[in-house]
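Residues per chain are reported as follows:
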Amino acid sequence: MRIAVIGAGVSGLSAARVLHEHRHQVRVFEKSRGLGGRAATRRGDGVSFDHGAQYFTARDPIFRREVEVWCERGAVGRWAARMGRFSGGRIQSSPDEQQRFVAVPGMSALGGLLGADLDIHKQTRVAPPGRDGGRWVLCSDSGEELGVFDALVVSAPAPQTRELLASVAQRFAEQAAAVEYTPTWAVMLTFADVGELDYDGLFFDDGILRWAARNDSKPGRAGNTWVLHAAPDWSAANLEVAAAEAIADLSAEFCAATGMSPSKIRAGSAHRWLYSLVPSPLDVRAFWDAELQLGVCGDWCNGARIEGAYLSGHAVAGRILGHLAQGAVGSK
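Residues numbered from 1 in each chain as written. Predicted model: local features only at pLDDT ≥ 70, side-chain atom pairs only at ≥ 80, totals over all residues. Heavy atoms only, no water.

Caption draft 1: Examining the pairing of strand β6 (residues 83-87) more closely. Sheet topology places β6 next to strand β15 (residues 201-204); 4 bridges connect them, and they run parallel. Bridge pairing links Gly84 to Leu202 in β15. Across 4 bridges, β6 lies against strand β7 (residues 90-93) in antiparallel orientation. Each bridged residue has a counterpart across the sheet, and for Arg85 the counterpart in β7 is Gln92. Between β6 and β7, which pair antiparallel and follow one another directly, the connecting turn spans 2 residues, one of which, Gly88, has a positive phi of 65°. (Pairing = 2+ DSSP bridges. Helix = DSSP H or I, 4+ residues; strand = E, 2+ residues; numbered from the N terminus.)

Caption draft 2: Region of interest: the nonpolar core. Val10, Phe56, Phe63, Val67, Trp70, Leu110 and Ile306 are the most contacted members of the largest nonpolar core, which totals 49 residues. Of all the elements, helix α9 (residues 306-330) adds the most residues to this core, at 8 residues. Counting residues in each nonpolar core, the second largest holds 28 residues, with Ile6, Phe172, Leu282 and Cys301 among its members. (Core = buried A, V, L, I, M, F, W, Y, C linked by side-chain atoms within 4.5 Å. Buried < 20%, exposed > 50% of the residue type's maximum accessible area, 1.4 Å probe, protein only.)

Caption draft 3: Inspection of helix α5 (residues 170-177) at higher detail. Along α5, the residues classified as buried are Phe172, Ala173 and Ala176. Along α5, the residues classed as buried sweep out an arc of 100° about the axis, all on the same side. Tucked inside the fold, the buried residues of α5 contact α4 (158-165), β19 (287-289), β20 (294-296) and α8 (299-302). (Arc of directions from axis to C-beta. Contact = heavy atoms within 4.5 Å.)

Caption draft 4: Spotlight on helix α7 (residues 243-258). Given a rise of 1.5 Å per residue, 16 residues ought to cover 22 Å, and the 22 Å separating the end C-alpha atoms of α7 matches this to within 8%. Turning to α7, its buried residues are Ala246, Ile247, Leu250, Ser251, Phe254, Cys255, Ala257 and Thr258. For α7, the angular spread of buried residues about the axis comes to 160°, placing them on one side. Those residues of α7 that are exposed and angled more than 90 degrees off the buried face are Ala244 and Ala256. Among the residues trailing α7, Gly259 stands out with phi positive, at a value near 85°. (Expected span 1.5 Å × (residues − 1).)

Caption draft 5: Structural detail: the pairing of strand β14 (residues 182-191). Along β14, 10 of the 10 residues are buried, which leaves the element largely enclosed by surrounding structure. Neither face of β14 is exposed, since Thr182, Thr184, Ala186, Met188 and Thr190 on one face and Pro183, Trp185, Val187, Leu189 and Phe191 on the opposite face are all buried. In the sheet, β14 pairs with strand β18 (residues 265-277) via 9 bridges, with the strands oriented antiparallel. Note that in β18 the partner of Ala186 across the bridge is His271. Pairing between β14 and strand β17 (residues 225-230): 5 bridges, direction antiparallel. By the bridge assignment for β17, Val187 is matched with Leu228.

Caption draft 6: How the structure looks around the pattern of salt bridges. Per the counting criterion, the structure on display carries 15 salt bridges. Of the charged contacts in the structure, one is a salt bridge between Asp141 and Arg125, with a shortest N-O distance of 3.8 Å. Of this pair, Asp141 sits in the loop between β11 (135-139) and β12 (145-149) while Arg125 is found in the loop between β9 (119-121) and β10 (130-132), placing the two residues 16 residues apart along the sequence. Note that Lys264 and Asp193 form a salt bridge whose closest N and O atoms lie 3.2 Å from each other. (Salt bridge = Lys/Arg side-chain N within 4 Å of Asp/Glu carboxyl O.)

By themselves, these figures tell us nothing about what the structure is for.
Structural data, given as C-alpha cells:
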C-alpha cells in the first residue's frame, strides 16, 4: 500500500517505521525542519540543550524491548540523575529507582533514529486532505500536489488534527477538538560554572518553575548548561511575553531557589512550546477507520510522554496491518 503519514513526531515516525518494515510504501510529511517533535535539541556555541522532552521512561514491554536495542547500539543512554524537589522554599532530595533514558548526543537524535531510511519530506505543510475514488489526495498549503495514497495516518497535535480532518472525518475531528493542551516556556542557560548544587534534575512544587535540568549531566553532553521549564499556569498567563522577559523571570526564580549566582550566567535563550502538555489525554492508543483507511495517533491519545507517543504510533500501524491481514484471509 501507499501510505501517507502527516507529522514526524515520535508517534508518526513510530507508525511509519512499523509500516515501512512491513514493506509498504510510506511517505512522511513534516511541517518543520526537524524530526521528533518535542524530542528536540538546540545547539550553538559549543553547547546543546534538550529544550523539549527531557528524558523518557520505558514501562511497556514493547517499548522497553525497543529501548534496550537502542541502548545496545549506543543511540540511547541511561541518565543517572541526582533528583531533588523544591518545596516550601527549600530543596530536598527526591530519590527514586526510576530508570531515565535519553537519546545521545541529544534528544533530537531520537527522531533521526526512528526516521532512518524513511521517505520524509520536511518543511511541507499539508492542507486538509481530499478523497478521490476511495483514495487520499494530498496537497501542500501552497497548492503543490503531494501524491495519492491508499491510506492516511495523521499524527499532528490535536488542534491541527481537528483542522485537517474537519471536512473528511468529523468523528475523529470532534475527538481531537475535546483535547486541551497547556503551553510551556523553556529557558536555556549557560553558566560560567555549575556551582556546587548537588542535583542534576529538580522538580518544583512552588513558584513559576516546574522543572530544571542540568543538561550537561546527561550522556554525550558538554558545557555548564541548565534547562528550565516554566509552570503551565505561568506559561499560559505569559504566553505572549518577549523571550527576554521569560529568560529574566525564570532565571531569577531558578537562581533564588538554588542559590546559584545570576552573575555566572553567560548566555540565555528561550523557546515557547505551544502544544506542550496534555493534562487529560484520551484513554485510547490510536484511532482507525477501516472504511476511510484513516488512522490517527499522537501523544494526546495515549499520554504526553515519549513512550505514550511511540506506543500510539505503533498501535495505529498495528491496526492497519491487522486490517490488511483480515482482508487477505477473506479473499482466499
